[in-house]
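What follows is each chain in one-letter form.
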Amino acid sequence: MAEHAIEVSGIWKKFRRGQLHDSLRDFIPAIVRRLHKKNSEDADLSGNSFWALRDVSFHLGPGEALGIIGPNGAGKSTMLKVLARILKPNMGRIKVNGRLNALLEVAAGFHADLTGRENVYLNGSILGMKKREVDRKLDQIIEFSGVEPFIDTPVKRYSSGMQARLGFAVAANLDPDVLLVDEVLSVGDMQFQNRCVETMNEKLKNGAAIIFVSHNLPAVARLCPKTLLLHHGETAFLGSSQEGIERYMDLAYNSKIEHADAPTVFTHVSWTSSGSDFIRPGDSFEIKVGLRFLRQVSHPAFELMLERIKDDLCVFAANAQQLGVSPRIHEEGEEILLTFKGKINLLRGLYSFGFRVSLPSKDNETVIWHSIHQFYVHETASLDGIVDIECTASESQPEEGIIQNYA
Amino acid sequence: MHNQSRQQYYESRDGVFPFFREMVQEIVQYRELLFQMTLRDVRIRYKQAIMGFGWALFMPMLIVVSGLLIRMVMAEMSGGKLAAAGAGSMMVKALPWSFFVGAIGFATNSLTSNSSLVSKIYFPREIFPLSATLAQMFDTTIGSILLAVILFGFMNVGISIEILWVVPLVLCLLTLTIGAGLLLSCANLFFRDVKYIVQVLITFGIFFTPVFYDAVNLGPVGCRILMLNPLAPILEGLRLSIVDHHNLASSLVVAAASGQNVAVWHPFYLLYSSIFAIVLFFGSWVIFHKLESTFAEYI
């Protein structure tokens, strides 16, 4: 049967810049105009408007997860709001088979003066649950949130973490057919975030479709096999997350800028790895960098650096001499090819290889790194960390001779 | 596991008439949320409030006392005496006036003070001004009970069959209030100074509405002009039917203190208010609903 859980076709949304209708004097004619206006707009704009979304379409079946990524201003939040019916598209159609819930704010509608229990009911009804449903699930919700001793205290006495947990506990007990999630899940500590991901996975297994909008690319890759990349409101890519993420990074890290008096110019940059779709710890890689010298250079240092994107942590850095290439004098016009080979024993995350040529006499702090290749390492066998230490765990009966009292 | 029965199409549609069905359906669908929101509004008024339920009576009491004060001054200035029955009439009119004023006040701000909900979750926005009005109704109901006790228990105002006129009058008042609330909440979202204008209108409106005085005090022409205020027929109607036991289906001509005959009541006045209320209600609702989809952008 394969009916889609959600079908989005041809969404266009435009916004106006500046301020309108400051005074009541403009208000009444504007209303009259709006009541008569037809909705067949052209793709042109009048004056101060811009298209935040242009002809975006996709569909999802039950149990599927779609990630929506893109640079700031690409239209992700707008898309989410249109899907959540908070904004109305100028053109296009959304068809939802069943109930759609948006989690754009975890403690939505919480009122500070009401108790936790009262807020659960309020929040539940805001999210579309009937009172009977909330009654039924109340114990589950309270237990999930972990704020049971405080459930009858006004919410203004809660810490922000407690509020988030309570709000999430209500949302986690929803059973929508389509769930929209955005950065809201990035607040809260690690335990909370892990719980969020677990909950979402469970809902996927139960047949809900999830749309996840985020800047957290590893989280998107972990949850969603399919990704929609938005750029300037348009669909830049719709397909596998691996490719979507790579294309996103191409957009974001587009630096082929040469330093004004760089001694070399790139003739060739290529990357191959043994991983087929995602890179996994232990995959090998090969980077080839071709250079042509613009002038005679004596004993330059070719430096390769690998850094983790989320916090600019330098994972590895070395110069070619340390790796096996002896420095020498290069003539003007000479072309060389450097090949770097190795293994990626890293845990999941986004990483970037950088390369630069630095001269012995110069102050090398100012020589910029050229971004060679960005890649994403995918694995789920760790909570956090940088290096894959190939660790395993097993359980067995205690051995003879081990100290009985460990206290 | 999910209700597959409901498919929803969110299209950008046009046309006024498909609206009505959609609008009504939505409110019915979200009626539980309306109840929860009203409950919320009522609860937050009374939590941590030193006066608790006393708030429900404070405003009407204040109006009645102010009215009595003015009347005493007027009576003294013109050399006459203050009639005791005046107090009862004023109480009957003070309560619905304070309902209207309170409901309008809260409704105007209902959208802007819930801006985070408006911009983050979808549900019909009519719920905000509606719950503000319903919460005010809760307060007023308490006040009415007390008023009934005072009027019928202590002031010996008899109960007659004409009291049934209260039903259409209250419905008319509700319709008018909800209509005004929808319109003003919407206006305040787009023009943030609407709430100040409303405050001013409320402050001075009491003088242009027969709360402190009766319509007869303005003379024959003045009375007719006063009745153009849609609240005037409602308030006067309430007074006439509850305190004066007058059947509103027939007119009433009274001799004013100046000696002239004033047509204090004509059934047409009630008809006028009802039509005004209905037109305002539907007109506001349509405008509100049409603009609803842009709220999140402008809030």
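Predicted model only: the values in this text are computed from it and were never measured.

Chemist: Which parts of the structure should I look at to understand the overall build of chain A?
Modeler: In terms of helices and strands, chain A carries nine helices and 18 strands. Across the 407 residues of chain A, 34% fall into the buried class. Of all intrachain contacts in chain A linking residues separated by at least 6 positions in sequence, the fraction that spans at least 24 positions is 75%.

Chemist: Can you help me understand the overall build of chain B in this one?
Modeler: When helices and strands are counted, chain B shows 12 helices and three strands. Of all 299 residues assigned to chain B, the portion counted as buried reaches 40%. Excluding contacts between residues fewer than 6 apart, the proportion of contacts in chain B whose partners are at least 24 apart in sequence is 77%.

Chemist: Help me out: how do you make sense of the packing of helix α3 (residues 116-126) of chain A against helix α4 (residues 131-145) of chain A in this one?
Modeler: Helix-helix packing is characterised by the crossing angle of the two axes and by the distance between the axes. Residue and element names in this part refer to chain A. Contact geometry of α3 with α4 gives a least axis separation of 10 Å together with a crossing angle of 125°. Judged by the inter-axis angle, α3 sits oblique to α4. The interaxial crossing formed by α3 with α4 has right-handed handedness. Of α4, the residues touching α3 (which contributes Val-120, Tyr-121, Gly-124 and Ser-125) are Lys-131, Val-134, Leu-138 and Ile-141. Looking at the contact of α3 with α4, its residues break down into five nonpolar, two polar and one charged.

Chemist: Looking at this model, I keep getting lost on the nonpolar core. Mind explaining?
Modeler: Most often, soluble globular proteins keep nonpolar side chains buried together rather than apart. Counting residues in hydrophobic clusters, the biggest one holds 160 residues, and the most contacted among them are Leu-180, Ile-210 and Phe-212 of chain A. In this structure, Ile-210 of chain A is in contact with Ala-65, Leu-179, Val-181, Met-200, Lys-203 and Leu-204 of chain A, ignoring residues within four places of it in sequence.

Chemist: I tried to follow the environment of Ile-197 of chain B on my own but got confused; where do I start?
Modeler: Along the chain, the position of Ile-197 of chain B falls in helix α8 (residues 194-205). As a C-alpha pair, Ile-197 of chain B and Arg-40 of chain B span 157 residues in sequence and 27 Å in three-dimensional space.

Chemist: I'm lost on the sheet that holds strand β5 (residues 100-103) of chain A in this one. Help?
Modeler: Residues and elements named next belong to chain A. Taken together, the six strands give an open sheet; going across it, the order is β5-β6-β7-β3-β8-β9, and neighbouring strands pair in mixed fashion. In the strand order of this sheet, the two ends are held by β5 and β9 (234-240), each with one partner. Strand after strand, the sheet turns through a mean of 15° between neighbouring axes, direction not considered. Each of β3 (65-69), β6 (178-181), β7 (209-213) and β8 (226-231) touches helix α2 (residues 76-83); the most contacted strand, β7, lies at about 145° to it.

Chemist: I'm lost on helix α6 (residues 127-154) of chain B in this one. Help?
Modeler: Because the α-helix completes a turn every 3.6 residues, residues three or four places apart line up on one side. Taking 1.5 Å per residue as the helical rise, α6 of chain B with its 28 residues ought to reach 40 Å, and the 39 Å between its terminal C-alpha atoms agrees with that figure. Following α6 of chain B by one or two positions, Asn-156 of chain B has its phi on the positive side, about 55°.

Chemist: Whenever I open this one, the packing of helix α7 (residues 166-190) of chain B against α8 of chain B confuses me. Can you help?
Modeler: All names here are of chain B. Orientation of α7 relative to α8, taken along the N-to-C sense of each, is 135°, at an axis distance of 8 Å. By the angle between their axes, α7 is oblique relative to α8. Of the residues in α8, those touching α7 at Leu-184, Ala-187 and Asn-188 are Val-194, Lys-195 and Val-198.

Chemist: Where do I start with the sheet that holds strand β10 (residues 264-273) of chain A in this structure?
Modeler: Strand pairing in a sheet takes place through backbone hydrogen bonds and is either antiparallel or parallel in direction. Residue and element names in this part refer to chain A. Spatially, β10-β11-β16 is the arrangement adopted by the three strands of the open sheet, whose pairing is antiparallel. Edge positions in the open sheet fall to β10 and β16 (335-344), since each of these has one partner strand only. Taking the axes of each pair of neighbouring strands and ignoring which way they run, one obtains an average angle of 15° across the sheet. Here β10 runs beside strand β11 (residues 283-293); their pairing, made up of nine bridges, is antiparallel. Across the sheet, the residue bridging to Thr-264 is Phe-293, located in β11.

Chemist: What is the right way to read the domain arrangement of chain A from this model?
Modeler: How big an interface is tends to be stated in terms of the accessible area lost upon association of its parts. Residues and elements named next belong to chain A. Splitting chain A by domain gives domain 1 (6-249) and domain 2 (257-377). Taken together, the contact between domain 1 and domain 2 spans seven residues of the former and seven residues of the latter. Its residues placed into classes, the side of domain 1 that touches domain 2 shows five nonpolar, two polar and no charged.

Chemist: Help me out: how do you make sense of helix α6 (residues 190-205) of chain A in this one?
Modeler: Residues and elements named next belong to chain A. Taking 1.5 Å per residue as the helical rise, α6 with its 16 residues ought to reach 22 Å, and the 23 Å between its terminal C-alpha atoms agrees with that figure. Looking only at α6, the buried set comprises Cys-196, Met-200 and Lys-203. Summarising the axial view, the buried residues of α6 lie within an arc of 60°, below the 170-degree limit, and thus occupy one face. Counted as exposed and oriented over 90 degrees from the buried face of α6: Met-190, Gln-191, Asn-194, Glu-198, Glu-202 and Lys-205. Those residues of α6 that are buried are in contact with α5 (160-172), β6, β7 and α7 (217-223). Looking at the residues trailing α6, positive phi occurs at Gly-207, about 105°.

Chemist: Just to check I follow, could you spell out the confidence of the model for chain B for this structure?
Modeler: Predicted coordinates in areas of low pLDDT are best not read in detail. All names here are of chain B. Averaged over all residues, the pLDDT of chain B equals 83, while 88% of them reach at least 70. Between the elements of chain B, mean pLDDT differs from a low of 46, seen in strand β1 (residues 7-11), to a high of 94, seen in α7. Of the regions scoring below 50 in pLDDT, residues 1-16 engages in 29 contacts with residues more than four places distant in sequence or in other chains. Model confidence for the complex: the whole-complex pTM is 0.71, and ipTM, which rates the interface, is 0.76.

Chemist: Looking at this model, I keep getting lost on the environment of Gly-158 of chain B. Mind explaining?
Modeler: With respect to the helices and strands, Gly-158 of chain B occurs in the loop between α6 and α7. Between the C-alpha atoms of Gly-158 of chain B and His-245 of chain B, which are 87 residues apart in sequence, the distance is 8.3 Å.

Chemist: Help me understand the confidence of the model for chain A, please; the structure alone is not making it clear to me.
Modeler: Residues and elements named next belong to chain A. On average, residues of chain A score 81 in pLDDT, and 86% of them are at 70 or above. Predicted confidence for residues 39-45 stays below pLDDT 50, and this span has six contacts to residues more than four positions away or in other chains. Every residue in residues 255-259 is under pLDDT 50, and counting partners more than four places away or in other chains gives five contacts.

Parameters and conventions
Residues numbered from 1 in each chain as written. Chains lettered and ligands numbered in written order. Predicted model: local features only at pLDDT ≥ 70, side-chain atom pairs only at ≥ 80, totals over all residues. Helix = DSSP H or I, 4+ residues; strand = E, 2+ residues; numbered from the N terminus. Buried ≥ 20, exposed ≤ 12 C-beta atoms within 10 Å, placed from the backbone. Contact = placed C-beta atoms within 7 Å. Axes fitted to C-alpha atoms, helices over the stretch in contact; angles between N-to-C directions. Parallel < 35°, antiparallel > 145°, perpendicular 65-115°, else oblique. Left-handed = near helix turned anticlockwise from the far one by under 90°. Nonpolar A, V, L, I, M, F, W, Y, C, P; charged D, E, K, R; others polar. Core = buried A, V, L, I, M, F, W, Y, C linked by C-beta atoms within 7 Å. Pairing = 2+ DSSP bridges. Expected span 1.5 Å × (residues − 1). Domains from an automatic or database assignment. Arc of directions from axis to C-beta. pLDDT = per-residue confidence, 0-100.

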